[in-house]
Amino acid sequence: MSTKFLNKRRRDLLLLCFFLVIARFLSLGLNVSYLLSTLFFFGIPAAYLSLRVSKGQIKKALVFASLCLIPAVTVDILAVSSGAWIVPETVFPFRLFQIIPLEDLIWAFLMVYLLILVYEYFLDEGKNLFLIKKPLKYCLLFLALSAIFSILLIYLKPRLLYVPYFYFVIGAVFALAPMLLFIILYPKLISKFFKAGILFFLLLIVFELTGLTLHHWEFPGPDFVGWINVFGQRFPIEEFVFFVILFSSAALSYYEFLYDDRK
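Sequence order sets the numbering: in each chain, residues are counted from 1 along the sequence as written. Given that the model is predicted, a residue must reach a pLDDT of at least 70 before its local features are reported, and side-chain atom pairs must reach 80 or more before they are shown or counted; all residues, however, enter totals for whole chains, interfaces and linings. Heavy atoms throughout the structure, all of them, feed into the side-chain values; hydrogens and water do not.

Trainee: Tell me about helix 9 (residues 237-245), and please be specific about residues and values.
Mentor: Since there are 3.6 residues in each turn of an α-helix, residues three or four apart along the chain are aligned in direction. Whether a residue is buried, partly exposed or exposed follows from its accessible area with a 1.4 Å probe, protein chains only, as a fraction of its type maximum: under 20%, in between, or over 50%, in that order. Think of it this way: any DSSP run of H or I at least four residues long counts as a helix, any run of E at least two long counts as a strand, and we number them from the N terminus. Where helix 9 is concerned, the buried positions are Glu238, Glu239, Phe242, Phe243 and Val244. Buried residues of helix 9 fall within an arc of 170 degrees about the axis and therefore sit on the same side. The inward-facing, buried residues of helix 9 contact helix 5 (102-123), helix 7 (166-185), helix 8 (190-213), strand 2 (233-236) and helix 10 (247-258). Note that the arc is computed from the directions linking the helix axis to the C-beta atoms. Contacts were defined at the residue level, with two residues in contact if any of their heavy atoms lie within 4.5 Å.

As structure tokens, this is what we get:
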């Protein structure tokens, strides 16, 4: 890898950090909506990196981020129904299935899209492999059926959507456990995941604190393991562990196992 390319990546990394500072400053200074703050934190850096990577990498990121919207629908329905979190206000005139604010899906897509671009550009050596593995088909079938079942329950048996300690359960079963299993099987990827995790820890903790300051989301339910306070903002331990710390590594574990080359 040439010195010129390394220097270019360092400049781009510094620029992403600059985007983060600007996103925080603009969001608080202008008291923006959840949607606009999401575009500041994730949309702008994603747009910039899209100009720096290859078309093949953009395609991989777009497809994987789009596929992640399927479980995002299920998780959001169960989370809101269980009191794990809620978005009090939306700029749109409706909520999907009367529950999901469209901002959540826009945020989920942009967050995963940006994560994959960061991973591909800075850590995966610019590989353009576009792999659709057989397990992915079964995984998508399961996720699609889960989403359909959750949507039906909204109208048929909404009480069944309540899951005690939902955030802990979903984080432990579908984030922590698969991630640990994956890095045990493929320990060479730990270094890449750790490096991506540092950048996304900074991005997500600043986004979290900004969103809480502006009341973009709340954690209304009682079923949390505990609470922490960071710079005057209070949020569940599950949010800090499973979202701020582990999200990037968990998402990349699924990406590598189902969609990339596991190298």
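Trainee: So what about unusual backbone geometry? Which residues, and what values?
Mentor: For Asn31, which is not glycine, the phi torsion reads 50 degrees and is therefore positive. Examined against the element boundaries, Asn31 turns out to sit in the loop between helix 1 (3-30) and helix 2 (34-50).

Trainee: Could you give me a rundown of helix 10, with the residues and numbers involved?
Mentor: The span you would expect from a helix comes to 1.5 Å times its residue count less one. Spanning twelve residues, helix 10 covers 17 Å between terminal C-alpha atoms, matching the ideal 16 Å at 1.5 Å per step. The element helix 10 is extensively covered by neighbouring structure, given that ten of its twelve residues are classed as buried. Looking at helix 10, one finds that the buried residues are Phe247, Ser248, Ser249, Ala250, Ala251, Leu252, Ser253, Tyr255, Glu256 and Leu258.

Trainee: Please set out the pairing of strand 2 residue by residue, giving values where relevant.
Mentor: Pairing of strand 1 (residues 227-230) with strand 2, which is carried by four bridges, proceeds in the antiparallel orientation. Of the residues in strand 2, the one forming a bridge with Ile228 is Phe235. Think of it this way: DSSP has to see at least two bridges between two strands before they count as a pair. Count of turn residues in the strand 1/strand 2 antiparallel hairpin: two residues, of which Phe231 carries a positive phi of about 50 degrees.

Trainee: For a nonpolar patch on the surface, give the residues involved together with the corresponding values.
Mentor: Taken together, the side chains of Phe142, Tyr165, Phe168, Val169, Val173, Phe174, Val225 and Tyr254 make up a nonpolar region of the molecular surface, amounting to roughly 730 Å² of accessible area. It is helix 7 that contributes the most residues to the nonpolar patch, four residues altogether. By secondary structure assignment, the location of Phe174 is in helix 7. Since its relative accessible area comes to 42%, Phe174 is described here as partly exposed. Excluding any residue in a salt bridge, patches collect residues exceeding 30% relative accessible area, merging like charges within 9 Å and nonpolar Val, Leu, Ile, Met, Phe, Trp and Tyr side chains within 5 Å. Here the open area of atoms and residues is found with the Shrake-Rupley method and a 1.4 Å probe, where only the protein chains shown may cover a residue. A side-chain nitrogen of Lys or Arg and a carboxyl oxygen of Asp or Glu constitute a salt bridge if their distance falls within 4 Å.

Trainee: Quick rundown of the environment of Cys139? Include the residues and the values.
Mentor: You can see Cys139 is positioned in helix 6 (residues 134-156). On the basis of relative accessible area, Cys139 is assigned to the partly exposed category, the value being 21%. With 119 residues separating them in the primary sequence, Cys139 and Leu258 have C-alpha atoms 8.5 Å apart.

Trainee: Please give an account of the packing of aromatic side chains that cites residues and values.
Mentor: Here the aromatic set is Phe, Tyr and Trp, taking the six-membered ring for Trp, and pairing holds for ring centres within 6.5 Å; pairs whose planes are under 30 degrees apart are stacked, those over 60 apart are edge-to-face, and all others are tilted. Evaluated as defined, the whole model comprises 21 aromatic pairs. Judged by centre distance (6.0 Å) and plane angle (5 degrees), the ring pair of Phe109 and Tyr113 falls under stacked. Of the two residues, Phe109 and Tyr113 both sit in helix 5, four residues apart, roughly one turn of that helix. Here the aromatic cluster, defined as three or more aromatic residues joined through ring pairs, consists of Phe64, Tyr119, Phe182, Tyr186, Phe193, Tyr255 and Phe257. A cation over a ring is seen here: Arg234 above Trp227, with NZ or CZ 3.9 Å from the ring centre. Only when the NZ atom of a Lys or the CZ atom of an Arg is both within 6 Å of the ring centre and within 35 degrees of the ring normal do we say a charge sits over the ring.

Trainee: Hey, could you go over the environment of Leu189 for me, with residue numbers and the actual values?
Mentor: Mapped onto the fold, Leu189 is located in the loop between helix 7 and helix 8. Looking at Leu189, the relative accessible area reads 1%, which means it is buried. When the C-alpha atoms of Leu189 and Leu252 are compared, they prove to be 9.7 Å apart, with 63 residues separating the residues in sequence. Not counting residues within four places of it along the chain, the set of residues in contact with Leu189 comprises Tyr119, Phe182, Glu256, Arg262 and Lys263.

Trainee: Account for the packing of helix 5 against helix 10, naming residues and giving values.
Mentor: Here, axes are lines fitted to C-alpha atoms. For helices the fit covers the stretch in contact, and angles between N-to-C directions go from 0 to 180 degrees. Helix 10 packs onto helix 5 with a crossing angle of 75 degrees between their chain directions and a minimal axis gap of 11 Å. Classified by the interaxial angle, the pair formed by helix 5 and helix 10 is roughly perpendicular. For the pair helix 5 and helix 10, contact is made by Met111, Val112, Leu115, Ile116, Tyr119 and Glu120 and by Phe247, Ser248, Ala251, Leu252, Tyr255 and Glu256, respectively. Among the residues making up the contact of helix 5 with helix 10, the classes are represented as nine nonpolar, one polar and two charged. Orientation labels follow simple angle bins: below 35 degrees gives roughly parallel, above 145 gives roughly antiparallel, 65 to 115 gives roughly perpendicular, and whatever is left gives oblique. In this classification, Asp, Glu, Lys and Arg are treated as charged, Ala, Val, Leu, Ile, Met, Phe, Trp, Tyr, Cys and Pro as nonpolar, and every other residue, Gly included, as polar.

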